[in-house]
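Overview (structure and organization)
Single-letter residue listing:
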Amino acid sequence: MTARLPRPARLRPADLLRLGLLGPRTRRLRSALSALGIALGIAAVVAVTGISASNQAHLLDRLDRLGSNLITVSPGEDVEGKKVPLPKESVTMLGNIAPVERVSATGDTKANVYRNEFVPSTQTNSLRVLSARLDLLKAVRGEVRTGRWLDHATERLPVVVLGSSSAERLGVTAPGTKVWIAGEGLTGEWYGVLGILEPNELVPEIDDSVLVGGPTAIARLDGDRTPSTVYLRVHPDRVSDVQDVAAATANPAQPGMVAVSRPSDLLKARAETDDTLTGLVLSLAGVALLVGGVGIANTMVVGVMERRGEVGLRRALGARRGQIAAQFLIEAVLLGLFGGLAGAALGAATVYAYATGQGWPAAVPLVWAVAGPAVAVVVGTVAGLYPALRAAGMSPTGALRSA
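Summary of the structure given here. Within every chain, residues take consecutive numbers counted from 1 along the sequence as written. Owing to the predicted nature of the model, reporting of local features is limited to residues with pLDDT of at least 70; listing and counting of side-chain atom pairs is limited to 80 or more, with chain, interface and lining totals taken over all residues. Side-chain descriptors were evaluated using all non-hydrogen atoms of the structure, hydrogens and water having been removed beforehand.

Among the secondary structure elements, Thr154 is positioned in the loop between strand 5 (144-147) and strand 6 (159-162). Along the sequence, Thr154 and Val212 sit 58 residues apart, while their C-alpha atoms lie 9.0 Å from each other. Non-local contacts of Thr154, meaning those with residues more than four positions away in its chain, are made with Arg148, Trp149, Val159 and Leu194. Helical segments are the DSSP runs of H or I of at least four residues, strand segments are the runs of E of at least two, and each set is numbered from the N terminus. Residue contacts are counted whenever heavy atoms from the two residues lie within 4.5 Å of one another.

Turning our attention to the packing of aromatic side chains. To describe a pair of aromatic rings, one takes the distance between the centres and the angle between the planes. Ring pairs shown here join Phe, Tyr and Trp side chains whose ring centres sit within 6.5 Å, with only the six-membered ring taken for Trp; geometry is labelled stacked below 30 degrees between planes, edge-to-face above 60, and tilted in between. Scanning the entire structure with this criterion turns up two aromatic pairs. With 5.2 Å between their ring centres and 70 degrees between their planes, Trp180 and Trp190 make a pair best called edge-to-face. Within this pair, whereas Trp180 is found in strand 7 (residues 178-182), its partner Trp190 is found in strand 8 (residues 189-197), the two being separated by 10 residues in sequence. The exposure class of Trp180 is buried, given its relative accessible area of 18%. Accessibility here uses a 1.4 Å probe with only protein chains present; expressed as a share of the type maximum, an area under 20% marks a residue as buried, one over 50% as exposed, and anything in between as partly exposed. For Trp190, a relative accessible area of 34% translates into the label partly exposed. Ring centres of Tyr354 and Trp360 lie 5.7 Å apart, and the angle between their planes is 70 degrees; this geometry places the pair in the edge-to-face category. Residue Tyr354 is classed as partly exposed on the basis of its relative accessible area of 38%.

As used in this record, nonpolar core signifies buried Ala, Val, Leu, Ile, Met, Phe, Trp, Tyr and Cys residues forming a set joined through side-chain atoms within 4.5 Å. Membership of the largest hydrophobic core comes to 19 residues, with the highest contact counts inside it found for Val113, Val160, Leu162, Leu170, Val179 and Leu221. Per element, the largest residue contribution to this core is three residues, and it comes from strand 8. The contact partners of Val160, leaving out residues within four places of it in the chain, are Val179, Ile181, Tyr191, Gly192, Val193, Leu194, Gly195, Val210, Leu211 and Val212.

Here it is as structure tokens:
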């Protein structure tokens, strides 16, 4: 009668999981340091993408409130580089374009603004004194931070409204203060500050300007009677159509000498630049993941060397090569998983803390919050593959002899 060979030992998935947890439980510090490398890489990925997404959400929120349907029309340059003024009628003609919902303009003056009359005339702080139409704020959707805007009464008085940057450079914090306005061929005069504007992302040139009423600019500051910049608020679905005809409408005789732009295009370029920088930081995060994977591989190799006696004993008791390999592979996967989950949590906490500090809406991309731990598991699997195969390849006698 032929003796039956003993059936190979089989381990249930729960048993394999317990064996996989044996290394992290018994070598906690080393396992924690190995998982830390993965955690930092995942945290960097989640934090970078989350902060970028939060910044984008903040920017889009501002654009939604300001509106990205703003077009600016300004004088172009001739072959000699000299600006060709827009016709006086350009504002009216541009306002007659059907999709244009609102139009306004500013004009140049020959004046400069100073904190007081003792400041040298060359220290202008790069601030411009512009004439402004009464409907300018409605066209650019500007807001008054403090004080008030020009009206039919004040546009003929020696008063100004300061952009946010010009107020900071002049050291003005509240209405009622006076600033000195003078220029070549002009009699210097004190002007009262009527109001201060909030920053305007779409029209940053307003932030660096000092705005006076049109009649005051012409009568007192030798202001141009032609517009220096025309602002068009158009129907959102017809922006491109208006851009195509704006130059010919503003100056039919010389349409090639008219500059037409859309401020939100600059914000789009900024967003593209931000994406490029994000790609660079993600590359650095990839390096961190690689370093974390090497750390896990190193831990697993050392673990195999230290646990040769355990491996030899289990092989002698009937454990198969696949079971030994699965034990060490599961251990590496668990290190990657723990590191990935910790990194995702750390990255999300960083995003929320930074966004809250900046006053932005916090946005953590769900794809990275979920994919981060998954990537960490893949890194852990790859890192643990060689040590697992090495452990599985040990013979029972060789492992026990070298233990």
